Amino acid sequence: MEFAELIKTPRADNVVLHRPFYLAVEGTLCLTGHHLIFSSRRQDNAEELWLLHSNIDSIEKRFVGSLGTIIIKCKDLRIIQLDIPGMEECLNIASSIEALSTLDSVTLMYPFFYRPMFEIVEDGWRCFLPDEEFELLSSATDEWRLSCINKEFSVCPSYPPVVIVPKSIDDEALRKVAMFRHGSRFPVLSYYHKKNGMVMMRSSQPLTGTNGRRCKEDEKLINATLRPGKRGYIIDTRSLNVAQQARAKGGGFEQEAHYPQWRRIHKCIEREGASVLVHGTEGTDSTLQVTSLAQIILDPRCRTIRGFESLVVREWLQAGHPFQQRCAQSAYSNSKQKWEAPVFLLFLDCVWQILRQFPCSFEFNEQFLIMLFEHAYASQFGTFLGNNENERSKLKLQQKTMSLWSWVNRSEELSKFQNPLFEANSLVIWPSVAPQSLQLWEGVFLRWNRPSKFLDEAHEEMISIIKYNKELQAKVNALRRQLAQLETVDRMQENLRHTQLGIVSPLGSSSVSKLHTVSAEAGTLTSTQLYG
Amino acid sequence: MEHIRTTKVEQVKLLDRFSTSNKSLMGTLYLTATHLLFIDSSQRETWILHHHIAAVEKLPLTTSGCPLVIQCKNFRIVHFVVPRERDCHDIYNSLLQLSRTAKYEELYAFSYNPKQNESEQVKGWQLIDLAEEYKRMGVPNANWQLSDANRDYKICETYPRELYVPRTASKPIIVGSSKFRSKGRFPVLSYYHKNKEAAICRCSQPLSGFSARCLEDEHMLQAISKANPSNRYMYVMDTRPKLNAMANRAAGKGYENEDNYSNIRFQFVGIENIHVMRSSLQKLLEVSGTKGLSVNDFLSGLENSGWLRHIKAVLDAAVFLVKAIAVESASVLVHCSDGWDRTSQVCSLGALLLDSYYRTIKGFMVLIEKDWISFGHKFSDRCCQLDGDPKEISPVFTQFLESVWNLTEQFPQAFEYNEAFLLQIHEHVHSCQFGNFLGNCQKEREELKLKEKTYSLWPFLLDEQKKYQNPLYNADFSPELTLLEPNTVSFNFKFWRNMYHQFDRSMHPRQCVFNLIMNMSEQNKQLEEDIKELEAKVKQRNGQSSAVPVKEHQQSAHPAPMALKTPPSFKKEQPLIPVNDAVRTIEGSNTADNRYSEFVAEFSKAEPAVVSLEYGVARMTC
């Protein structure tokens, strides 16, 4: 298919663009295979708007005489209006946009055509490999192994080729467990808490059905993860009611009698030093929200930029969250399919809530989360295409598209996403979930509906105070060191004079160490003065 | 004190009202003449001023003891469990007596002694000078003068002695007009905008009934419109809903008939009365105080309480007033029924939007002194300082503070003061610790001899103003008389968590950006001084040892451009604190109750880090 067939009117002049809080601008509208481009002719303030067709969620048209108006609602929740003179032009453009924003074939999407204009420092497709993750784990425990059972995606189509499972369970047993779990999503390791060796696993629901089918291997696997005498929790993200109803369709939940060390709970998550297994129905949505949020709360690594990227890769992309289905449309679409749902956005919102409550504990800022939201719905990168690793490998995304991480992880981009208040802490950050503590994520939901000039300026002022603080501290430190050195020099001269007078002194080493002591003192002084 | 039977009870439990696990602190409860004090096992103190107590309730006996719930006017709620019912009963009765005061002289302000000498006390009261303030606005001038008509409170008891009126308003006009106005509150100047030459005036409703007229009152309004050379039209804003105003006509009161007054534009703005506001707040508190509240119940409860809708109505009215002055240069006369509740809200917020002076710490004090205290907002009745009619209680001033807070959220750089300042003022409006807010009007305050017997709050707030400064304040943001134009779209009105849950620590962010920036900006000043000092020392040293040509030395004499990064030897180690039983924290549903204290303790043990974990709000004194 050629895009040209879909574009009957590639260009229209004297188009007026309306956006909230901006003056209307007149300019030229151009349609390309993947973009809607509006450029104003004004000499003093030339302006261009590039909009990916895949970002368009819905489009409405209206006519007053021969003046047509198109209202475009985007997946990033922005709404723009274009006044296009000429009924035919307007109709053509509207139908082109409609067709181009709902392309059937993934391979026609922009990532397959996008050619990066930046230098690739690090290939994002080669970051966050499961082997690296396992290496980290191996340094802490030898109770787990890397299984290649799903190498050809033959056991579980929505799992990655390699997964981490208990060492004592062999691949044969895994095959049997897979038969007992919805979509073959057998329990795998999601997170290992190094501080106490407790683990978090995830899976899909067991296929117990109405007559309470059992699977010895499943029971063995789940029990194998607990040391003797330890208890674990099975967190069923559904309500008890929903879980019971699932039995009629062949699904179900674990009978506690068959998993003696485990307690099953629905929705509410209790506190105790215990291992957990999390699942909902398919284990691709709420399960992933729970496991990934838990890691953000528990693991300081996940609060760094790289760590968070790794979390998104592990717990969302590789774990088989069906991005393509879930993010096919967004809030404004009239033709929502039942598989469309803002699961990932909800997760990002939760992260934002925690970020707001612990504003100094995250290396990234709100913009980073908004960027991920945007790219999950419409992007020039291949990262969020496809529904699982299986589909991604068939699409040859690694060869044919660019990874989002290749772009993000360059210092030019990273600097936009860094939180100036970040100071790493290894604590468990425990958010308040009282309704009074939760807020509307204005950065996403009010972003296009309110002027933010005053808030932005205040934010800049805040950042400049932080920067200035760092500069001053550095300067004070440098001055103290300089002063200390000067003092040492004086003392050395003193020593020299003594030596010349015949007093024996191991000059070289002592003066060096003295210098060190002095500067260390200066350092302590600085910090006590600063923070005292 | 004759009311105190038991002064000390041991083994008392303090429950966290939002904890699901029923965790509690054990400690000792003390009852003093002025405060209720709880000291827990780790020696942390909780002070509750008797005057802050709004209600005490004894719940049915449980196995662990007798529960006692105390609700405070600053929205603190404490839940004690007293082991013996007898003790609980004694404390309950004592608090009931102590929290209800019959006479002003029994209020804390009359016994509070901050160790100031007499001249400091006098100076403290002179800090805010309203005559000075009117001079700052530009009155008296060719059109406005100081009237001595109310010098002895003869015309209006609830007005101050000093009133500014149009020069053309003669004494007979003033007297006549005052007789035609509820409680004698005739139109007077509240704020004068010197650039626009327009005025905000305030009064109470006219006694017009269905058809009554008063020529003097009509002359009075004409005098106001004539005192404005830029626009002879003036607005008359009735801040009540139209229906209420019409109902008042039956009682011989009502509103101005446009036909009888020349050049006026009459406008209703629909702010509800004190009773609606009281019950709205009641509903809000019921919702926010619910244990295990769901998000749905919270949001629908917030909506049903109507509280934010009322805040919006107040700000909308202020915006209307401001537009008349800033856009049309028209003077505005504001009234409600008696002209001391809604009128105070609208006049003061209008002035705050028009004049950046009121967005400074001192200016805000002046604004409250002028539009609230001197013009007779009935603080005593509204805040229930004395045991009186519960129907007179209403959160009118709280709404004013909340409106200001909403503005600070929209304009983070426009205000010199921060949220803690607003909260502290709210605290003391109810504490009866200082004399400023005692009584209902100036006449009453003079009779009570407050200036001799009590202290003014303002110098104390100024003394600790560092705590109340907004680090993001940009004086250039709003030069003199710069207008603030708030957006009053409904989604801009948010639940004020730090007001209504100020003492519910677990609900606030564990790291507060605002406090952090505040400390940093304070620290920056100190660092600037340190640098000066160090540079001087280095210079001095260099002078001393200039004879020695050490290579390293020469380099340091001309320091390389400052890198942002600290040299490695000075780099602070990141505190790595092991967390015990960390998996516990997977739970999530409700925050750990005493988890926070562990959190802080762990952190404070570590090397001081730039990040300190703290609550959203500075601790308030009781």
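Rules used in this analysis
Residues numbered from 1 in each chain as written. Chains lettered and ligands numbered in written order. Predicted model: local features only at pLDDT ≥ 70, side-chain atom pairs only at ≥ 80, totals over all residues. Heavy atoms only, no water. UniProt positions renumbered as here; feature names shortened; annotations may be inferred. Domains from an automatic or database assignment. Contact = heavy atoms within 4.5 Å. Buried area = accessible area lost by both parts, 1.4 Å probe. Salt bridge = Lys/Arg side-chain N within 4 Å of Asp/Glu carboxyl O. Polar contact = N/O pair within 3.5 Å; in protein donor to acceptor, adjacent residues only side chain to side chain. Helix = DSSP H or I, 4+ residues; strand = E, 2+ residues; numbered from the N terminus. Nonpolar A, V, L, I, M, F, W, Y, C, P; charged D, E, K, R; others polar. Pairing = 2+ DSSP bridges. Axes fitted to C-alpha atoms, helices over the stretch in contact; angles between N-to-C directions. Parallel < 35°, antiparallel > 145°, perpendicular 65-115°, else oblique. Left-handed = near helix turned anticlockwise from the far one by under 90°. Buried < 20%, exposed > 50% of the residue type's maximum accessible area, 1.4 Å probe, protein only. Core = buried A, V, L, I, M, F, W, Y, C linked by side-chain atoms within 4.5 Å.

Going by the annotation in an unreviewed UniProt entry, the name recorded for chain B is Myotubularin related protein 6, with Aquila chrysaetos chrysaetos given as the source organism.

Chain A goes by Myotubularin-related protein 9 in an unreviewed UniProt entry, where it is assigned to Aquila chrysaetos chrysaetos. Database annotation for chain A, UniProt heading Sequence similarities (unreviewed entry): "Belongs to the protein-tyrosine phosphatase family. Non-receptor class myotubularin subfamily."

Residue and element names in this part refer to chain A. Each assigned domain of chain A is listed with its residue range as follows: domain 1 (3–103) and domain 2 (130–446). For domain 1 and domain 2, the distance between their C-alpha centroids amounts to 39 Å. Listed by partner, the interface residues are 13 residues for domain 1 and 16 residues for domain 2. For the pair domain 1 and domain 2, the summed buried surface comes to about 1,100 Å²; carbon and sulfur atoms form 60% of the total. Of all residues in domain 1, the largest losses of buried area upon contact with domain 2 belong to Asp57, Lys75 and Leu77, amounting jointly to 56% of the total for that side. On the surface where domain 1 and domain 2 come into contact, there are zero salt bridges. Inspection of the region where domain 1 meets domain 2 yields eight residue pairs in polar contact (both at pLDDT 80 or more). If you list the elements that add at least two residues to the side of domain 1 that touches domain 2, you get strand 5 (56–64) and strand 6 (67–74). Taken together, the residues that form the side of domain 1 that touches domain 2 break down as four nonpolar, four polar and five charged.

What follows is about the sheet that holds strand 14 (residues 331–335) of chain B. By definition, the strands of a sheet pair up through backbone hydrogen bonds, in either a parallel or an antiparallel sense. Residue and element names in this part refer to chain B. Taken together, the five strands give an open sheet; going across it, the order is 10-11-14-12-13, and neighbouring strands pair in mixed fashion. Here the strands that pair on one side only, and so sit at the sheet edges, are strand 10 (188–193) and strand 13 (264–268). Recorded for the sheet is a direction-independent mean angle of 20 degrees between the axes of neighbouring strands. Two strands pair when backbone bridges link them, and strand 12 (residues 234–238) and strand 14 are joined in this way by five bridges, in the parallel orientation. Looking across to strand 14, one finds that Val236 is bridged to Leu333. On top of the sheet, helix 5 (residues 215–226) reaches strand 11 (198–203), strand 12, strand 13 and strand 14; it is set at about 125 degrees to strand 12, its chief contact. With respect to the sheet, helix 10 (residues 342–354) is in contact with strand 10, strand 11, strand 12 and strand 14, its orientation differing from that of strand 11 by roughly 165 degrees.

Turning next to the side chain of Ser203 of chain A. All names here are of chain A. Within the secondary structure layout, Ser203 lies in the loop between strand 11 (198–202) and helix 5 (216–224). A polar contact is formed between the side chain of Ser203 and the side chain of Arg181, at a distance of 3.4 Å. Sequence-distant contacts of Ser203, that is, excluding residues within four places in its chain, are made with Tyr159, Arg181, Arg185, Phe186, Pro187, Leu277, Val278, His279, Gly283 and Thr287.

All names here are of chain B. The interhelical angle for the contact between helix 9 (residues 307–328) and helix 10, taken along N-to-C directions, is 55 degrees, at an axis separation of 8 Å. When the axes of helix 9 and helix 10 are compared, the pair comes out oblique. Two packed elements cross with a definite hand, and for helix 9 against helix 10 that hand is right-handed. Between helix 9 and helix 10, the residues in contact are Val314, Leu315, Ala317, Ala318, Val319, Leu321, Val322, Ile325 and Ala326 and Gln345, Val346, Leu349, Gly350, Leu353 and Leu354, respectively.

Moving on, we get to the UniProt feature "binding site: substrate" (unreviewed entry) in chain B. Residue and element names in this part refer to chain B. With numbering aligned to this structure, UniProt lists the feature "binding site: substrate" (unreviewed entry) at Asn273, Ile274, Cys336, Ser337, Asp338, Gly339, Trp340, Asp341 and Arg342. These residues run over 70 residues, yet every pair of their C-alpha atoms falls within 12.2 Å of each other. Within the fold, Ser337 resides in the loop between strand 14 and helix 10. Beyond its immediate stretch of four places on either side in the chain, Ser337 contacts Ser182, Ser204, Gln205, Arg240, Asn248 and Arg342. Here Asp341 lies in the loop between strand 14 and helix 10.

Moving on, we come to the UniProt feature "domain: Myotubularin phosphatase" (unreviewed entry) in chain B. Following the UniProt record, the feature "domain: Myotubularin phosphatase" (unreviewed entry) maps to residues 124–500 of chain B here. End C-alpha atoms of residues 124–500 of chain B are separated by 31 Å, and the span's content is 44% helix alongside 9% strand.

Residue and element names in this part refer to chain A. If you trace the backbone, His34 turns up in the loop between strand 2 (25–31) and strand 3 (35–40). We classify His34 as buried; its relative accessible area is 9%. Reaching out from His34, the side chain makes a polar contact with the backbone oxygen of Leu108 at a distance of 2.7 Å. Setting aside chain neighbours within four positions, we find His34 in contact with Phe3, Leu51, Leu52, His53, Leu108, Met109, Tyr110 and Phe113.

Next up on the list: the sheet that holds strand 5 of chain A. Residue and element names in this part refer to chain A. Strands sit in the order 4-3-2-1-7-6-5 across an open sheet of seven strands; the sheet is antiparallel. In this open sheet, the two edge strands, each paired with only one partner strand, are strand 4 (48–52) and strand 5. Within the sheet, the average angular offset between the axes of one strand and its neighbour, ignoring direction, is 30 degrees. One ladder, built from seven bridges, connects strand 6 with strand 7 (residues 79–85); its direction is antiparallel. Residue pairing for strand 7: Ile72 is matched across the bridge by Ile80. The sheet strands contacting helix 2 (residues 87–100) are strand 1 (11–18), strand 2, strand 3, strand 5, strand 6 and strand 7, and the helix crosses strand 5 at an angle near 165 degrees.

Membership of the largest hydrophobic core comes to 126 residues, with the highest contact counts inside it found for Leu352, Phe364, Ile368, Phe400, Ile425 and Trp458 of chain B. Aside from chain neighbours lying at most four places away, what touches Phe400 of chain B is Gln345, Ser348, Leu349, Phe364, Leu367, Ile368 and Trp372 of chain B. Counting 66 residues, the second largest nonpolar core, distinct from the first, contains Ile305, Leu311, Trp316 and Leu414 of chain A.

The next subject is the domain arrangement of chain B. All names here are of chain B. Structurally, chain B comprises domain 1 (8–100) and domain 2 (118–516). Distance from the C-alpha centre of domain 1 to the C-alpha centre of domain 2: 36 Å. The interface of domain 1 with domain 2 comprises 12 residues on the first partner and 22 residues on the second. Of the roughly 1,600 Å² buried between domain 1 and domain 2, counting both surfaces, carbon and sulfur atoms make up 58%. One salt bridge connects Asp504 with Arg17, and the closest N-O pair in it is separated by 2.7 Å. The tally of links between domain 1 and domain 2 comes to five residue pairs in polar contact (both at pLDDT 80 or more).

Further remarks concern the pairing of strand 3 of chain A. Residue and element names in this part refer to chain A. Taken across its six residues, strand 3 has six buried, putting it largely inside the fold. Side chains His35, Ile37 and Ser39 project from strand 3 onto one buried face, and the interleaved Leu36, Phe38 and Ser40 project onto a second face that is buried too. Across five bridges, the pairing between strand 2 and strand 3 is antiparallel. Across the sheet, Cys30 pairs through a bridge with Ile37, a residue of strand 3. The antiparallel pairing of strand 2 with strand 3 creates a hairpin that spans three residues between the two strands. In the sheet, strand 3 pairs with strand 4 via five bridges, with the strands oriented antiparallel. Across the sheet, residue Leu36 finds its bridge partner in strand 4, namely Leu51.

To continue, consider unusual backbone geometry. Residues and elements named next belong to chain B. Here the residue pair Val139 and Pro140 is connected by a cis peptide bond, since its omega of -5 degrees sits within 30 degrees of zero. Along the chain, Pro140 turns up in the loop between helix 3 (130–137) and strand 8 (144–147). Residue Lys183 is not a glycine yet carries a positive backbone phi of 55 degrees. Secondary-structure assignment places Lys183 in the loop between helix 4 (171–179) and strand 10. Judged by its relative accessible area of 48%, Lys183 falls in the partly exposed class. Phi is positive for Glu197, which is not a glycine, with a value near 60 degrees.

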